[in-house]
Amino acid sequence: MAIRERTARAQRAAKPEKRGEKRKLLSSGDLLLVRKDMAELWARRGLRALLMLLPVTLVVLVPIVYFSAISLLPAAPGAQVPQRILSLLPPGAAGMEYRLAWQAAFQELLCPLLFLCVPILTAAASASCAFVTERETGTFETLLLTSLDVKAVFNAKVTGCTILSVLISGASFLLFGITLMIAGLFTGAPLLLNLDWLVLVLLLAPVLSLFSVVFVGLILNRVHSTAESLQTMGYLILPVVVLYLVQLTGALRLNALVLAVVALGLAIADVVLFNAASRGFTPERLLREEGDGPSN
């Protein structure tokens, strides 16, 4: 019964003083809470290491290994890149030497997939710590039983995790560009950073970050540990992998227009999922009696 009394007090504190009063999306107090959440997330050594290692592995180490392998491994005389792969590359790739053509194919067809994994993984990892870990440690109970508005807590956590993921994604793109330029100096690999990449970085990556954070918030009441929450990364990455695998079949060409349409669809899904997750973010569902856990 104690949890119900605490929940009732939290709900009364969360109600606005005037009926019909509309609160701002992010007030000055909310912004302070956002900065506090971001600082606390970055202060966690395990999470900070994960957020740094994931991008470096995907956009730096993997390209370095690929460019090194394609440059050093012997090529059979007269070897040619399959015509289906060449048809997906920019027109100038048709006349490239064998190794350079494969390097162009890697940049154009696989590197976007590796890059999009960065906002998904970093956003899901941050949200798992911001939501699930805090519920496990009891921090949520402290927050929800203060005068802080419940929706303000949710908005702050979603905003903080999304901003952190977007910043890491931007830094990752810079590292990726530097890696490509250095690889080009040693291997002669072309630098294919075109309009498609602009849409990918400025539109698709941010909405993917928000989608991943809101998705974790939506399933918050269905997972019982941070490990379970982190498993959602696979579900979030799978559609992106399938999309790029479909491109390899020649059935679809992911150009700037298609990527912009996908970003628009994800933005609409973000709004829908955000509203659904916000409605489910209530003291009754988050504050549990001691010993309440997954049923066997």
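Note that the structure is predicted; figures quoted are calculated from it, not measured. (Residues numbered from 1 in each chain as written. Predicted model: local features only at pLDDT ≥ 70, side-chain atom pairs only at ≥ 80, totals over all residues. Heavy atoms only, no water.)

Considering the overall build of the chain
Reasoning step 1: A count of helices and strands for the chain gives 12 helices and zero strands.
Reasoning step 2: Burial statistics for the chain: of 296 residues in total, 44% are counted as buried. (Helix = DSSP H or I, 4+ residues; strand = E, 2+ residues; numbered from the N terminus. Buried < 20%, exposed > 50% of the residue type's maximum accessible area, 1.4 Å probe, protein only.)

Things to note about the side chain of Asp-196
Reasoning step 1: Along the chain, Asp-196 falls in helix H8 (residues 195-218).
Reasoning step 2: Comment: no salt bridge for buried Asp-196; closest opposite-charge side chain is Arg-253, at 4.3 Å.
Reasoning step 3: Residues contacting Asp-196, with those up to four places away along its chain left out, are Glu-108, Arg-253, Leu-254, Asn-255, Ala-256 and Leu-259. (Lys, Arg positive; Asp, Glu negative; His and termini not counted. Salt bridge = Lys/Arg side-chain N within 4 Å of Asp/Glu carboxyl O. Contact = heavy atoms within 4.5 Å.)

A word on helix H3 (residues 45-72)
Reasoning step 1: Under the 1.5 Å per step criterion, the end-to-end length of H3 is 37 Å for 28 residues, consistent within 8% with the ideal 40 Å.
Reasoning step 2: Most pronounced at Thr-57, the bend in H3 amounts to some 40°. (Expected span 1.5 Å × (residues − 1). Bend = angle between axes of the 7 residues up to and from the residue.)

Some words on the pattern of salt bridges
Once the charged atoms of two side chains with opposite charge are near each other, the side chains can pair.
Reasoning step 1: If you walk through the whole model with that rule in mind, you get three salt bridges.
Reasoning step 2: The salt bridge partner of Glu-40 is Lys-36, with a shortest N-O separation of 2.9 Å. Here Glu-40 pairs with Lys-36, and both are found in helix H2 (residues 28-43), just four residues apart, close to one helical turn.
Reasoning step 3: A relative accessible area of 32% means that Glu-40 is categorised as partly exposed.
Reasoning step 4: Residue Lys-36 is classed as partly exposed on the basis of its relative accessible area of 36%.
Reasoning step 5: For the salt bridge of Arg-253 with Glu-108, the shortest nitrogen-to-oxygen distance reads 3.1 Å.

Things to note about the environment of Ile-120
Reasoning step 1: As for its position among the elements, Ile-120 is in helix H5 (residues 98-137).
Reasoning step 2: When the C-alpha atoms of Ile-120 and Leu-208 are compared, they prove to be 6.2 Å apart, with 88 residues separating the residues in sequence.

Considering the packing of H3 against helix H7 (residues 150-187)
The geometry of a pair of packed helices is captured by two quantities: the angle between their axes and the separation between those axes.
Reasoning step 1: Viewed as axis vectors pointing N to C, H3 and H7 meet at an angle of 20°, and their least axial separation amounts to 9 Å. With respect to their mutual orientation, H3 and H7 come out roughly parallel. When the axes of H3 and H7 are compared, the crossing they make is right-handed. Residue-level contacts link Leu-51, Pro-55, Val-59, Val-60, Pro-63, Ile-64, Phe-67 and Ser-71 of H3 to Leu-164, Ile-168, Ser-172, Leu-175, Phe-176, Thr-179, Leu-180, Ala-183 and Thr-187 of H7.
Reasoning step 2: Split into classes, the residues belonging to the contact of H3 with H7 amount to 13 nonpolar, four polar and no charged. (Axes fitted to C-alpha atoms, helices over the stretch in contact; angles between N-to-C directions. Parallel < 35°, antiparallel > 145°, perpendicular 65-115°, else oblique. Left-handed = near helix turned anticlockwise from the far one by under 90°. Nonpolar A, V, L, I, M, F, W, Y, C, P; charged D, E, K, R; others polar.)

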